[in-house]
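# Analysis of the macromolecular model
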Amino acid sequence: MLPYLGFNQFSPSTSSAHSYRSAFEYTVSHQGGTTIQQDQTSFSRNKTTFLNLCVSVCITVFFCFIVVITFPISGWFCFKVVRRYESLVVFRLGKQQPVKGQGIVFVIPCIDKCVKVDMRTKAFNVPPQKIFTNDNGIVEVGADVYFRTCDAVCSVMNVQDYNHALRLLTQTTMVKLIAKEEMENIDKNKLVISSSVQNAVNQMSLSWGLEVSRVELSQIKILLEAPVYNPLRQLHSVFPFLGGAEQLPPSYEQIVQTHGPMTTPGTLKAL
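Here goes a summary of the coordinates provided. (Residues numbered from 1 in each chain as written. Predicted model: local features only at pLDDT ≥ 70, side-chain atom pairs only at ≥ 80, totals over all residues. Heavy atoms only, no water.)

### So, the overall build of the chain
Secondary structure assignment for the chain yields eight helices and twelve strands. The 271 residues of the chain split such that 28% are buried. Once local pairs closer than 6 in sequence are excluded, the contacts in the chain between residues at least 24 apart make up 64%. Total accessible area computed for the chain in this model is approximately 18,300 Å², and 59% of it derives from carbon and sulfur atoms. (Helix = DSSP H or I, 4+ residues; strand = E, 2+ residues; numbered from the N terminus. Buried < 20%, exposed > 50% of the residue type's maximum accessible area, 1.4 Å probe, protein only. Contact = heavy atoms within 4.5 Å. Areas by Shrake-Rupley, 256 points an atom, 1.4 Å probe, with all protein chains shown as cover.)

### Some thoughts on the nonpolar core
Val139, Leu166, Met174, Ile178 and Val212 are the most contacted members of the largest nonpolar core, which has 27 residues in total. Looking at this core, the elements with two or more residues in it are strand 9 (122-132), strand 10 (138-149), helix 4 (162-179), helix 5 (183-186), helix 6 (190-205) and strand 11 (210-217). When residues of this core are assigned to their parent elements, the largest contribution, seven residues, is made by helix 4. The contacts of Val139, once residues within four sequence positions are left out, are Gln129, Lys130, Ile131, Thr133, Ile178, Met183, Ile186, Ile220, Lys221, Ile222 and Leu223. The next biggest cluster of nonpolar side chains, apart from the first, holds five residues, and it includes Val82, Leu88, Val90 and Val107. (Core = buried A, V, L, I, M, F, W, Y, C linked by side-chain atoms within 4.5 Å.)

### Some remarks on the environment of Gln96
With respect to the secondary-structure elements, Gln96 resides in strand 6 (residues 95-96). In this structure Gln96 touches Val90, Phe91, Val153 and Met157, once residues within four positions along its chain are discounted.

### Focus: the sheet that holds strand 8 (residues 112-118)
The antiparallel open sheet is built from three strands, whose spatial order is 6-5-8. Each edge of the open sheet is held by one strand with a lone partner, namely strand 6 and strand 8. Direction of pairing for strand 5 (residues 86-92) relative to strand 8: antiparallel, over a ladder of seven bridges. Considered in strand 8, the bridge of Arg92 is made with Asp112. (Pairing = 2+ DSSP bridges.)

### Remarks on helix 4
With 18 residues, helix 4 extends 26 Å between its outermost C-alpha atoms, agreeing within 8% with the 26 Å of an ideal straight helix rising 1.5 Å per residue. Every buried residue belonging to helix 4 is among Ala165, Leu166, Leu169, Thr170, Gln171, Thr173, Met174, Val175, Ile178 and Ala179, and all of these are buried. Check the buried side of helix 4 and you find it contacts strand 9, strand 10, helix 5, helix 6 and strand 11. (Expected span 1.5 Å × (residues − 1).)

### Remarks on the state of the cysteines
By the definition in use, this model includes zero disulfides. With no disulfide of its own, Cys110 lies closest to Cys78 among cysteine sulfurs, the gap being 9.3 Å. (Disulfide = S-S within 2.5 Å.)

### Topic: the packing of aromatic side chains
One pass over the structure, following the stated rule, counts four aromatic pairs. Between Phe62 and Phe63 the ring centres are 5.6 Å apart and the planes differ by 80°, which places this aromatic pair in the edge-to-face class. Residue classification places Phe62 among the partly exposed positions, given a relative accessible area of 47%. Joined through ring pairs, the aromatic side chains of Phe124, Phe147 and Tyr162 make up one cluster. The aromatic ring of Tyr85 is capped on one face by Arg120, whose charged end is 3.9 Å from the ring centroid. (Phe/Tyr/Trp six-rings, centres within 6.5 Å; stacked < 30°, edge-to-face > 60°. Lys NZ or Arg CZ within 6 Å of the ring centre and 35° of its normal.)

See below:
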């Protein structure tokens, strides 16, 4: 038989960590002797949501009434024409509405913000970049990129200027991948590098609602052949009095003086 538990064992004066008060609040005792009151937030959250809903409905009804009584004039502002290759993203009082398709779409002036998104395939080119290869050669490579918008809502909400962001992302990815290759393999693996750039860019751009459908590398221009490895360079740096320095491959400073600053993954030129 269970022992009898008196009321005093559940009173707030006991030393338990949690003291029950009501269905909506309880107290938590800490070692310092202070008590922090934690309220149930679901009730207040639901109350706030209900008030916001009521205010939104009242504002919407008010503007709809204005549209009705001024219909001959308000009709020019309430109807939008959406073409077949476009999608209309509507935000009503800051809240996202379902995406509107082709045809004539009704919107409420003053409280609806509309953004048209072109769903057609678009293209841009990455200017030729001077890149150091893995074997210390220098090549100049550009690219042509074809992409389309696959999610109109993500392209509006997740990125501010998707065209500029995609350009920088493609340029950075192309430089990083080519810098890992050796000069003799770049021309042979041109299609593989293009596919790798496309897949790497899509991993990020899909969260922006963009899909890269094709990447074409431009003609590869060799600015400086990859130098043959020569251990005498390290010896000459330690013992400068040794001869034969004029037969060594050029250093980075000499390359910059001849060809200008190179593009590396850490230093990209602005488009």
